[in-house]
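# Reading the structure
What follows is each chain in one-letter form.
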Amino acid sequence: MVAVTEVGHRVADPAGEPAGRRRRLVPVLLVVGWLLGVGWRMWLSRHVPLPIAHTDEDSYLHTARALAGGPGGFSSENGPLRRVGYPLLISPAFLGERDFADSYRLVQLINAAVNATVLPLSYLLLRRLVPVRPAVALAAAVVAATLPATVFYAGVAMIDAVLAPLVLAWLLVVHQWVRRPGPLVAAGAGTLVGAFHLLHSRGLVIVGVHAGLVLLLFLRRRVSPAQVLAAVLPVLALALLNEVVIRLLGDRVYLLGDPPGGGTVRAVASGPGLLRVGAAVATQLWYLVVITLGLAGVAWAGAVRLLLRPTPAASPDSAAGPADEVGATRWTVGVALVTSVGVAAGASVILAGITSKPLDAIYGRYVQMLAPFWLLLGVGMLVTATPRQRWRRAAVAVGLLLGGATLIAARLAWVASRGHELRYGGFGAPDLMALTGGWREFRPFTGAAVGVAGCLLLVAALRLPRWRLPVLAALVAVNLGTMQVITDRLVRPVVAATAPTPRVADLGVRPGDRVWASLGVQWVLRFNLSHQVTWADVRWFGDDPPADADVVFVRWAPGEPDDWDGARYGFVRLGGNPQQRWAAWRRA
C-alpha cells in the first residue's frame, strides 16, 4: 500500500542542491527531451513513405484530405462509430498542392509532436501521484515516452499515436479536479473526455467512466452543480461537433463498414460467447503486464490495496493537505482501473461481432494507450514501498503473468483442437512479438518468462536508491532496442511488400487525369497507388474500364489468364511492375 505520508508530502530537496536551480533545470530538460523525442520518432518513420496499416490509415487520410478541401474517398468506418477528431488534427497536412509523400511526412510530424508530449505529461503525473524525487520521475518519464506501445503508431496515420498522451493528460486533470475542485479544472476534464469521444469509439468508455465519476463526486458533495455542468457541457459540445463535421462532409467520404448489430449480440449472447470475450479481455490485460515487464501488475496490486483502505478525511482548509493528496490519488487510480477493464471489454465485444474475419489471438492495440500510466504507477509503487510490500506486489505480478500465460495457452490449444486458428498479425502486438521472438506464433509462456524476469530484476534493483537511475536507463535502452527490432523485422518488410514501384507520377499520370483502379490489383497496392492521385478520388471497377476513365490501374500478370489487356479497350500501357502484378494504362 501507499501510506498517507508517502502520497501526501513531497520529497525534500537533496541537501546542498539549490531548489531554484533544479526547478529551472527540469522544464529545460523536458523541452529538450520532447524535441529529441520528436526527432527520434521521425527518424523511425523514415522508412515509411506510404501507409502500411490498411484500411484504417486510408480512412483517416481520405477524411483529412476532404476536410482540407480536397477530394474525399472511402472510409472503412461505420455510421455509429464514425469519428472525425483525428482527421481534423492531421488535415493541415493536406492544405495546398502537395505530393502525397510530403503530406504523409507532415502527418508523421504531427503525430510525433503530439506523441512525444508523453514525456512531460508522464513527469507531471508521476510527481503528482507518488512522492518520488525529480530525477527518478524524469527517468521514469523517459521510459514511458520510449515505450514501444507508446511510440509504434506515431509513424503511421493512426489515431493511436495521440491517445497515450491524451490518457495521461486526462488522468492528470482528474487528479487535480479531485484534489482542488473548481469549474475551470472540471471544464478541462470534460474537454479532454470530449476529445476522446471526438477521436475514437474507445471514447465511449471514457465518456461512461467520466459520467460515473461526475455523479459520484456530486453525490459525495465534492463538486457543485456548476462544476457538474462545466464537466458535462464540453463533452456534449464535442459530440455535437463530430456530428456537424460529418454532415458537412456529406457523401464526399463514403462508408464501407458495417454497423455493429446482430452479429455483435450473437457473439456474446451465450455462455461460450461470454467465455471468448472474457478470454480476450484477460489476454489484453496480461499483455499490459508483459510489455511493462511486470510493472502494470505491480501497479494493480498496489492500486487495489490503496482503494480498499478507508477514505481519509479531506483537508478543511483551502490548501491541499496529505489527506487530499491520498484521496485524489485514490480516485485517479480507480478511474484508471475501471477505464482499463472497460476499454479491454468494449474492444473485445466489438471485435467479437466482426464475423467476417477470424478472431484474434491477441489484439493489444486498444489498451496500449494505458501502458504508460501503469508503467509509471508501477515504478512509483516500487520506489515508495517497503521491502515486504515490494515483494508482495511482485508476487501478484508474477501470478498474473503465469496464470495469464496458462489460460492463453489453453485457449490456443482448445481452438486448435477444433480445427480453427486464431488470427495473429503484426499490428496486434508488435512489441510482444519483438520481446518474445514470436513473429509467426504467439508465445505466451515466453512472454510470461520475459515479464517475470524483468519484474524480479526491477524489484531487486529499485529497492536501492543508487540503482534506480541506472535501472531506469537500462529500461530506456530496452525500449530503444525493441523499437529498432520492430522496425527491422516488421515495418521495413511490410513497406517493401506494400509500396508500389515505380511512382505513378514517373509513369506520366498527372493532375487532371480521371483515374480508376481495377479490383484485380491487390488491395493494398491499389490503395497506395490511389493515394498518389492527390487530385481525385480513385474509384474501383471490375473488368471493363469506365467510359470516362483516362488512366486505369489494372492487373499485370504476363502469361496468366487474368492479365488485363488494355489494347482491346483502346488503352496504351504506360508501365508498372509485373512482379507486383500491376500496371497503368492510358486511353489512346
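Above: the structure in question.
So, here is what we can say about the structure in this document. (Residues numbered from 1 in each chain as written. Predicted model: local features only at pLDDT ≥ 70, side-chain atom pairs only at ≥ 80, totals over all residues. Heavy atoms only, no water.)

### A short note on the environment of Pro87
Structurally, the position occupied by Pro87 is in helix α4 (residues 85-90). The residues touching Pro87, leaving out its near neighbours within four places in the chain, are Tyr60, Thr63, Ala64 and Leu67. (Helix = DSSP H or I, 4+ residues; strand = E, 2+ residues; numbered from the N terminus. Contact = heavy atoms within 4.5 Å.)

### Focus on the nonpolar core
Core analysis: the biggest nonpolar cluster contains 155 residues, and Trp170, Trp177 and Trp374 have the highest contact counts within it. Broken down by element, the residue count for this core peaks at 15 residues, all from helix α9 (residues 160-179). Each residue touching Trp170, except ones within four places of it in the same chain, is listed here: Ala189, Leu192, Val193, Phe196, Ile206, Val209, Val335 and Thr339. Ranked by size, the runner-up nonpolar core spans 15 residues in total, among them Val504, Val515, Val521 and Ala536. (Core = buried A, V, L, I, M, F, W, Y, C linked by side-chain atoms within 4.5 Å. Buried < 20%, exposed > 50% of the residue type's maximum accessible area, 1.4 Å probe, protein only.)

### Structural notes on the packing of helix α14 (residues 271-291) against helix α18 (residues 387-417)
Closest axis-to-axis distance for the α14/α18 pair is 9 Å, and the angle between their directions is 135 degrees. Overall, the two elements α14 and α18 adopt an arrangement that is oblique. The two elements α14 and α18 meet at a crossing, and its hand is left-handed. Contacts between α14 and α18 pair Ala279, Thr283, Trp286, Val289 and Val290 from the former with Ala397, Leu400, Leu401, Gly404, Ala405, Ile408 and Arg411 from the latter. (Axes fitted to C-alpha atoms, helices over the stretch in contact; angles between N-to-C directions. Parallel < 35°, antiparallel > 145°, perpendicular 65-115°, else oblique. Left-handed = near helix turned anticlockwise from the far one by under 90°.)

### Description of the side chain of Arg411
By the secondary structure assignment, Arg411 is in helix α18. Despite its burial, Arg411 pairs with no opposite charge, the nearest such side chain being Asp360 at 7.8 Å. A distance of 3.3 Å separates a polar side-chain atom of Arg411 from the backbone oxygen of Asp360. Setting aside its immediate chain neighbours within four residues, Arg411 contacts Ala279, Thr283, Asp360, Ala361 and Leu422. (Lys, Arg positive; Asp, Glu negative; His and termini not counted. Salt bridge = Lys/Arg side-chain N within 4 Å of Asp/Glu carboxyl O. Polar contact = N/O pair within 3.5 Å; in protein donor to acceptor, adjacent residues only side chain to side chain.)

### What to know about unusual backbone geometry
Trans is the common state for peptide bonds, and a negative phi is the common state for residues other than glycine. Across the junction of His54 and Thr55, the peptide omega takes the value 5 degrees, indicating a cis bond. You can see Thr55 is positioned in the loop between α2 (19-44) and α3 (56-67). Here Thr501 and Pro502 are connected by a cis peptide whose omega angle stands at 0 degrees. Here Pro502 shows up in the loop between α21 (465-498) and β3 (515-518). Unlike most non-glycine residues, Arg221 shows phi in positive territory, near 60 degrees.

### Quick look at the packing of helix α15 (residues 295-308) against helix α17 (residues 371-383)
With their axes 7 Å apart at the nearest point, α15 and α17 run at an angle of 65 degrees to one another. Compared by their axis directions, α15 and α17 come out roughly perpendicular. Seen along the crossing, α15 lies across α17 with a hand that is left-handed. Contacts from Leu295, Ala296, Val298, Ala299, Trp300, Gly302 and Ala303 of α15 reach α17 at Trp374, Leu375, Leu377, Gly378, Val379, Met381 and Leu382. Broken down by class, the residue content of the contact of α15 with α17 amounts to 12 nonpolar, 2 polar and no charged. (Nonpolar A, V, L, I, M, F, W, Y, C, P; charged D, E, K, R; others polar.)

### Details of the pattern of salt bridges
The final tally for this structure, using the stated rule, is 15 salt bridges. Across the pair Asp488 and Arg492 runs a salt bridge, and its minimum N-O distance is 4.0 Å. Taken together, the positions of Asp488 and Arg492, both in helix α21 and 4 residues apart, correspond to about one turn of that helix. Given a relative accessible area of 37%, Asp488 falls into the partly exposed group. For Asp550, the salt bridge goes to Arg514, with nearest N and O atoms at 3.1 Å. One end of the pair, Asp550, is in the loop between β4 (539-541) and β5 (551-554); the other, Arg514, is in the loop between α21 and β3, with 36 residues separating them in the sequence. Residue Asp550 is classed as buried on the basis of its relative accessible area of 18%. Linked by salt bridges that have partners in common, Asp56, Asp160, Arg202 and Arg365 make up one network.

### Section: the pairing of β3
When β3 meets β5, the two strands line up parallel, connected through 3 bridges. Each bridged residue has a counterpart across the sheet, and for Val515 the counterpart in β5 is Val551. As judged from the 3 bridges shared by β3 and β4, these two strands associate in the parallel manner. Bridged to Trp516 within β4 is Arg539. Following the chain from β3 across helix α22 (residues 523-531) to the adjacent parallel β4, one finds a crossover that is right-handed. (Pairing = 2+ DSSP bridges. Right-handed = clockwise from strand over helix to strand, strands pointing away.)

### Description of the packing of aromatic side chains
Going through the model one piece at a time under the given rule, you end up with 18 aromatic pairs. Here Phe74 and Phe527 contribute two aromatic rings whose centre-to-centre distance is 5.0 Å and whose plane-to-plane angle is 40 degrees, an arrangement assigned as tilted. Note that Phe74 is positioned in strand β1 (residues 73-75) and Phe527 in helix α22, a separation of 453 residues in sequence. By relative accessible area, Phe527 is classed as buried at 7%. Look at Trp564 and Tyr569: their rings are 5.3 Å apart centre to centre, the planes differ by 15 degrees, and that puts the pair in the stacked class. In this structure Tyr569 comes out as partly exposed when scored by relative accessible area, which is 24%. Of the aromatic side chains, those joined through ring pairs into one cluster are Phe74, Trp523, Phe527 and Trp540. The ring of Tyr366 has Arg365 sitting right over it, with the charged end atom 5.3 Å from the ring centre. The ring of Trp540 is capped by Arg526, whose NZ or CZ atom sits 4.9 Å from the centre of that ring. (Phe/Tyr/Trp six-rings, centres within 6.5 Å; stacked < 30°, edge-to-face > 60°. Lys NZ or Arg CZ within 6 Å of the ring centre and 35° of its normal.)

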